[in-house]
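This is what each chain is made of:
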Amino acid sequence: MSGTAKIHDAELKPSKLELLAGWLPGQSWFAGDAGDLSRVAAYRFIDPEGEVGIETLLVASAGGLYQVPLTYRPEPLDDEFAVLVGTIEHSDLGTRYCYDATSDPVYVAELIRVIHEADNEAELSLGEKSMTVRGSGITVVSNASMEAARLVRVLDGSHVHTAQPLGTLTGTWTQDGVERTEILATLR
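None of the values given here were measured: they were computed from a predicted structure. Sequence positions are assigned chain by chain, starting from 1 and proceeding in written order. Given that this is a predicted model, residues contribute local features only at a pLDDT of at least 70 and side-chain atom pairs are listed and counted only at 80 or more, while totals for whole chains, interfaces and linings are drawn from all residues. Side-chain numbers here rest on the full set of heavy atoms in the structure, without hydrogens or water.

Quick look at the overall build of the chain
Scanning the chain from N- to C-terminus turns up two helices and twelve strands. Listing each helix as α and each strand as β along the chain from the N terminus yields β-β-α-β-β-β-β-β-α-β-β-β-β-β. The globule rule is 2.2 Å times the number of residues to the power 0.38, and the radius of gyration it is compared with is taken over C-alpha atoms. For 188 residues, the compact-globule estimate of 2.2 N^0.38 gives 16 Å, and the C-alpha radius of gyration of the chain, at 16 Å, lies within 12% of that figure. Principal axes of the C-alpha set define a box for the chain whose edges measure 50 × 40 × 35 Å. Relative accessibility decides the category of a residue: with a 1.4 Å probe and only protein chains considered, values under 20% of the type maximum give buried, values over 50% give exposed, and everything between is partly exposed. For the chain, with 188 residues in total, the buried portion stands at 44%. What counts as a helix is a DSSP run of H or I of at least four residues, what counts as a strand is a run of E of at least two, and both are numbered from the N terminus.

This is the structure:
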């Protein structure tokens, strides 16, 4: 099991949706409208070192559904390839540097671990989970020289990589009263 994520009953400025409204329109995979973003569900992983918050939001906009993993750090990430989404003032923790988690090595390592170990999302110290995720475990392939995780950003059933994956991360949530299950990431 991934552990328990410590959730603070805190005020955030800007809110996560406000932060994403400023960042998402610049992403090539986002075809929505930043003015109508709504949160559908979310899940968390745990940083083994306890320093980085890891949360993935599912947000809806203009009829589309998008997966946006974020990491929250107390200091800027010293990596030229890291993609800063912005900063949030957290009423308990102070300034948090929010990154597109696909560019954060802590998230990438945890995503791969969850898939490898057939693990699931973290429990929450406060509040209720809005979705579940589960890694598949992996298929051992003798000619695999490297593994790469591929996140599915647009959750419409048609953006999943078609090559046979070594493993997957699958999520289940309820949207508009209907339970949905989709592949969220593949490992190949």
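Comments concerning the nonpolar core
In this structure, F45, L169 and W173 are the most contacted members of the largest nonpolar core, which totals 25 residues. Looking at this core, the elements with two or more residues in it are β3 (38–46), β4 (53–61), α2 (105–116), β9 (131–135), β11 (167–175) and β12 (178–187). Contacts between residues were defined by any pair of non-hydrogen atoms, one from each residue, lying within 4.5 Å. Contacts of F45, omitting those with residues within four sequence positions, involve S2, I54, Y107, E110, L111, V114, N120, E121, A122, V133 and L169. Take the buried residues of types Ala, Val, Leu, Ile, Met, Phe, Trp, Tyr and Cys, join any two whose side-chain atoms come within 4.5 Å, and each joined set is a nonpolar core.

Considering the pairing of β9
Residues M131, V133 and G135 of β9 are buried on one face, while the alternating residues T132 and R134, pointing to the opposite face, are not. Paired strands are those between which DSSP finds at least two bridges. Where β9 and β11 come together, five bridges link them in antiparallel fashion. The partner of M131 across the bridge, within β11, is W173.

Re the sheet that holds β11
Overall, antiparallel pairing links the four strands, which are arranged β9-β11-β12-β10 in an open sheet. What marks the edges here is a single partner per strand, and that holds for β9 and β10 (149–151). When the angles between neighbouring strand axes are averaged without regard to direction, this sheet yields 25°. Here an axis means a line fitted to C-alpha atoms, over the contact stretch when the element is a helix, while the angle between two N-to-C directions is reported on a 0 to 180 degree scale.

So, the side chain of Q67
With respect to the helices, strands and loops of the structure, Q67 is situated in strand β5 (residues 64–73). Judged by relative accessible area, which is 0%, Q67 ranks as buried. A polar side-chain atom of Q67 sits 2.9 Å from a polar atom in the side chain of Y43. Contacts described as polar in this section are N or O atom pairs within 3.5 Å, which, within protein, must combine one atom able to donate a hydrogen with one able to accept it, while residues neighboring in sequence count only if both atoms come from side chains. A polar atom in the side chain of Q67 sits 2.6 Å from the backbone oxygen of V152. Discounting chain neighbours no more than four positions away, the residues touching Q67 are W29, Y43, T56, L57, L58, L151, V152, R153, L155 and L184.

Here's the deal with the layout of surface pockets
Throughout, the protein atoms alone are placed on a 1 Å grid, and a set of points is a cavity if a 1.4 Å probe fits but cannot get out or a pocket if it is open with protein on both sides within 12 Å along at least five of seven lines; lining residues have an atom within 4 Å of a point. Grid points are joined across faces, edges and corners, and a volume is the space filled by probe spheres set on the points. Space inside the largest pocket adds up to approximately 790 Å³. What lines the largest pocket is a set of 37 residues, and nearest its centre among them are K6, I7, H8, R44 and Y72. Mapped onto the lining of the largest pocket, the elements with two or more residues apiece are β3, β4, β6 (84–90) and β7 (94–100). The element contributing the most residues to the lining of the largest pocket is β3, with eight residues. Of the residues belonging to the lining of the largest pocket, the class tally is 20 nonpolar, six polar and eleven charged. Note that Gly is not counted as nonpolar here; it falls among the polar residues with everything else outside the nonpolar set of Ala, Val, Leu, Ile, Met, Phe, Trp, Tyr, Cys and Pro and the charged set of Asp, Glu, Lys and Arg.

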